[in-house]
Amino acid sequence: MHIAIVCYPTYGGSGVVATELGRQLAQRGHKVHFVSLSMPFRLQHRYHENIFFHEVDKTNYPLFGNESLYTLSLAAKLLELIERENLDIIHSHYAIPHAVSACLAKEMAHPRRIPTIVTLHGTDITLVGKEPAFKSVVRCGIERSDAVTAVSHWLQRETIREFEVKRPIQVIYNFFDFDTERYCKWGEGGCHRDHYAAPGEKIILHVSNFREVKRTPDVVRTFARIAKELPAKLLLVGDGPESGKTLALARELGVMDRVWYVGKQDVVEPFFCIADLFLFPSDHESFGLAALEALAFGTPVVASRSGALPEVITDGQDGFLADVGDCAQMGDLALKLLRDEALYQQMSDHARKTALERFAPKPIVDQYEQLYLRTIEAVHSPAAQKE
Ligand code: GMT
């Protein structure tokens, strides 16, 4: 198939999932055309067979003020690819504006038929999509696409409830790419635990875009409780609007000397590799890709019992879940785990097993591939042609 994948190129789960999916599809021999504002960061500095990249024009004109017409430029780029590259399908990641641009390209391509699929990732439904100004646009993107997927059952339910969607939404979980070469490289000492912690000290990790929904001050509050009881370091990876406030709280609670703040990083594997525990106290997560990455490295997770996190982390088996905002409980659960070596080993083994068995790439990429084939067939069926 000739597949267009539309995604955001920067840090964030939706772009990561879109890129990893495209890489897997390309390895299966499909021609994958990434369409984005710039080269998705996980594609950079590496050669990939069967992968093509098309940059969306950032056309501007004084009349538009500071606004570029991204939605329209993307639609125009997709139409160009439909015609030149003979696309079989367009797969948009994140509803706004990607699904809408894809539907517009489909309209413009008429009478040629081009199937469109949208994968909902979370904040396109739960935060941005809920804004009154965007709600009808998101609903249109969902209704006019030929197929819709959500990354968890929780997100599927939220979408149906919030947007009163009547059409089917297929749940396809995110996956973790066990690229053994990359994984082993870090596992064999590419990451230096001694650089971040003294012998005997535990490493507590948090990785996110430091937005309000991540509740990063709760990471620091939970860590302060842990650090009162045992020697530990907090490793914070990522940047965003809440990072200043989060570090100020660390100073206020007197733990700043035990915090490593490394900011935005392109490669996060080394940090997961050396962590003893991953903290994820989000207000909600539609999936929680960072939690899956932690599990894949055998790092148990202490997280909030919210959104889809209970679908990824099994409470008491590969981590612990606590009420949103209950840092005392999260701290106590973390201590229970870190103090009990046997329990820790059992949870760490289970974490890796969960990631490998429930979120391995092959069965998940199979589901997308089958969905593409079904959707293409439906759109080109004689019944659909008559509509
Ligand atoms: O978490 C973010 O703010 C980024 C956002 C995105 O679109 O990249 O993440 C969402 O999609 C990820 C990939 O499917 C999910 O793992 C995250 O849980 C989801 N974020 C939220 O629901 C807050």
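Since the model is a prediction, treat every value here as computed from it, not as a measurement.

1. With respect to the sheet that holds strand β13 (residues 319–322)
Part 1: Here six strands make up an open sheet; going across it, the order is β10-β9-β8-β11-β12-β13 and the pairing parallel. Single-partner strands in this sheet number two, and they are β10 (259–263) and β13. On average, each strand axis in the sheet is tilted by 20° relative to the strand beside it, whichever way the strands run.
Part 2: Alignment of strand β8 (residues 202–207) against strand β11 (residues 277–280), held across two bridges, turns out to be parallel. Across the sheet, residue isoleucine 204 finds its bridge partner in β11, namely leucine 277.

2. Things to note about the site of the ligand
Part 1: Around the ligand sit 16 residues, and of these Ser14, His121, Asn209, Glu285 and Ser286 come closest.
Part 2: Measuring from an oxygen atom of the ligand, one finds a backbone N or O atom of glycine 288 at 2.9 Å.
Part 3: A distance of 3.0 Å separates an oxygen atom of the ligand from a polar atom in the backbone of leucine 289.
Part 4: Surface burial for the ligand is 93%, taken as the share of its 480 Å² of free accessible area covered by protein chains.

3. Concerning the nonpolar core
Part 1: Counting residues in hydrophobic clusters, the biggest one holds 78 residues, and the most contacted among them are Leu205, Phe278 and Val301.
Part 2: With seven residues, the top contributor of residues to this core is helix α12 (residues 289–296).
Part 3: Each of two domains, domain 1 (2–175 + 361–386) and domain 2 (180–358), supplies a minimum of three residues to this core.
Part 4: In contact with valine 301, not counting residues within four places along its chain, are Phe278, Phe280, Ala291, Ala294, Leu295, Ile313, Asp318, Gly319 and Phe320.
Part 5: Judged by nonpolar contacts, the second largest core, of 31 residues, contains Ile226, Ala227, Val259 and Phe320.

4. Considerations on the sheet that holds strand β2 (residues 31–36)
Part 1: Judged by pairing direction, the sheet is parallel, and its seven strands sit side by side in the order β3-β2-β1-β4-β5-β6-β7 without closing on themselves. Of all strands in the sheet, those bounded by a partner on one side alone are β3 (51–55) and β7 (170–171).
Part 2: Pairing geometry for strand β1 (residues 2–6) and β2, over five bridges, is parallel. Following the sheet pairing, histidine 2 is matched in β2 by lysine 31.

5. So, the packing of aromatic side chains
Part 1: Taken as a whole, this structure holds twelve aromatic pairs when the rule is applied.
Part 2: Between the aromatic rings of phenylalanine 210 and tyrosine 261, the centroid separation amounts to 6.0 Å while the plane-to-plane angle is 70°, which identifies the pairing as edge-to-face. Taken together, the residues phenylalanine 210 in the loop between β8 and α9 (216–229) and tyrosine 261 in strand β10 connect sequence positions 51 residues apart.
Part 3: Among the residues examined, phenylalanine 210 registers a relative accessible area of 0% and is labelled buried.
Part 4: You can call tyrosine 261 partly exposed: its relative accessible area is 28%.
Part 5: Between the aromatic rings of phenylalanine 272 and phenylalanine 297, the centroid separation amounts to 6.1 Å while the plane-to-plane angle is 15°, which identifies the pairing as stacked. Here phenylalanine 272, found in helix α11 (residues 269–274), pairs with phenylalanine 297, found in the loop between α12 and β12 (301–304); they are 25 residues apart in sequence, far enough to count as distant.
Part 6: The rings of Phe176, Phe272, Phe278, Phe280 and Phe297 are connected pair by pair, giving a single aromatic cluster.

6. A few points about the pattern of salt bridges
Part 1: On inspection of all chains with the given rule, the structure shows 27 salt bridges.
Part 2: Taking the shortest distance from any N to any O, the salt bridge between lysine 106 and aspartate 146 comes out at 2.9 Å. One end of the pair, lysine 106, is in helix α3 (residues 95–109); the other, aspartate 146, is in the loop between α5 (132–144) and β6 (147–150), with 40 residues separating them in the sequence.
Part 3: On the accessibility criterion, aspartate 146 (30% relative accessible area) is partly exposed.

7. Considering unusual backbone geometry
Part 1: The step from isoleucine 96 to proline 97 runs through a cis peptide bond, and the omega angle for that step is -15°.
Part 2: Assignment of secondary structure puts proline 97 in helix α3.
Part 3: Residue proline 111 is reached from histidine 110 by a cis peptide bond, and omega for that bond is 15°.
Part 4: Residue placement: proline 111 occurs in the loop between α3 and β5 (116–120).
Part 5: In this structure, asparagine 86 is a non-glycine residue whose phi angle is positive, near 60°.
Part 6: Among the residues examined, asparagine 86 registers a relative accessible area of 48% and is labelled partly exposed.

8. Notes on the packing of helix α2 (residues 70–85) against α3
Part 1: Relative to each other, α2 and α3 sit at 50°, their axes nearing to 8 Å. Considering the angle they form, α2 stands oblique to α3. Considering how the two elements wind past one another, α2 and α3 form a crossing that is right-handed. Where α2 approaches α3, its residues Tyr70, Thr71, Leu72, Leu74, Ala75, Ala76, Leu78, Leu79 and Ile82 are matched on the opposing element by Pro97, His98, Ser101, Ala102, Leu104, Ala105, Met108 and Ala109.
Part 2: For the contact of α2 with α3, the per-class residue count stands at 14 nonpolar, three polar and no charged.

9. Quick word on the domain arrangement of the chain
Part 1: We note that the domain assignment places domain 1 (2–175 + 361–386) and domain 2 (180–358) within the chain.
Part 2: Residue-level contacts link 21 residues of domain 1 with 17 residues of domain 2.
Part 3: Summing both partners gives a buried area of about 1,500 Å² for domain 1 against domain 2, and 56% of it is carried by carbon and sulfur.
Part 4: Along the contact surface separating domain 1 from domain 2 lie one salt bridge.
Part 5: In this structure, the salt-bridge partner of glutamate 293 is arginine 42, at a minimum N-O distance of 3.3 Å.
Part 6: Applying the counting criterion to the domain 1 and domain 2 interface returns five residue pairs in polar contact (both at pLDDT 80 or more).

Cut-offs used in this document
Residues numbered from 1 in each chain as written. Predicted model: local features only at pLDDT ≥ 70, side-chain atom pairs only at ≥ 80, totals over all residues. Heavy atoms only, no water. Pairing = 2+ DSSP bridges. Helix = DSSP H or I, 4+ residues; strand = E, 2+ residues; numbered from the N terminus. Axes fitted to C-alpha atoms, helices over the stretch in contact; angles between N-to-C directions. Near = heavy atom within 4 Å. Polar contact = N/O pair within 3.5 Å; in protein donor to acceptor, adjacent residues only side chain to side chain. Areas by Shrake-Rupley, 256 points an atom, 1.4 Å probe, with all protein chains shown as cover. Core = buried A, V, L, I, M, F, W, Y, C linked by side-chain atoms within 4.5 Å. Buried < 20%, exposed > 50% of the residue type's maximum accessible area, 1.4 Å probe, protein only. Domains from an automatic or database assignment. Contact = heavy atoms within 4.5 Å. Phe/Tyr/Trp six-rings, centres within 6.5 Å; stacked < 30°, edge-to-face > 60°. Salt bridge = Lys/Arg side-chain N within 4 Å of Asp/Glu carboxyl O. Parallel < 35°, antiparallel > 145°, perpendicular 65-115°, else oblique. Left-handed = near helix turned anticlockwise from the far one by under 90°. Nonpolar A, V, L, I, M, F, W, Y, C, P; charged D, E, K, R; others polar. Buried area = accessible area lost by both parts, 1.4 Å probe.

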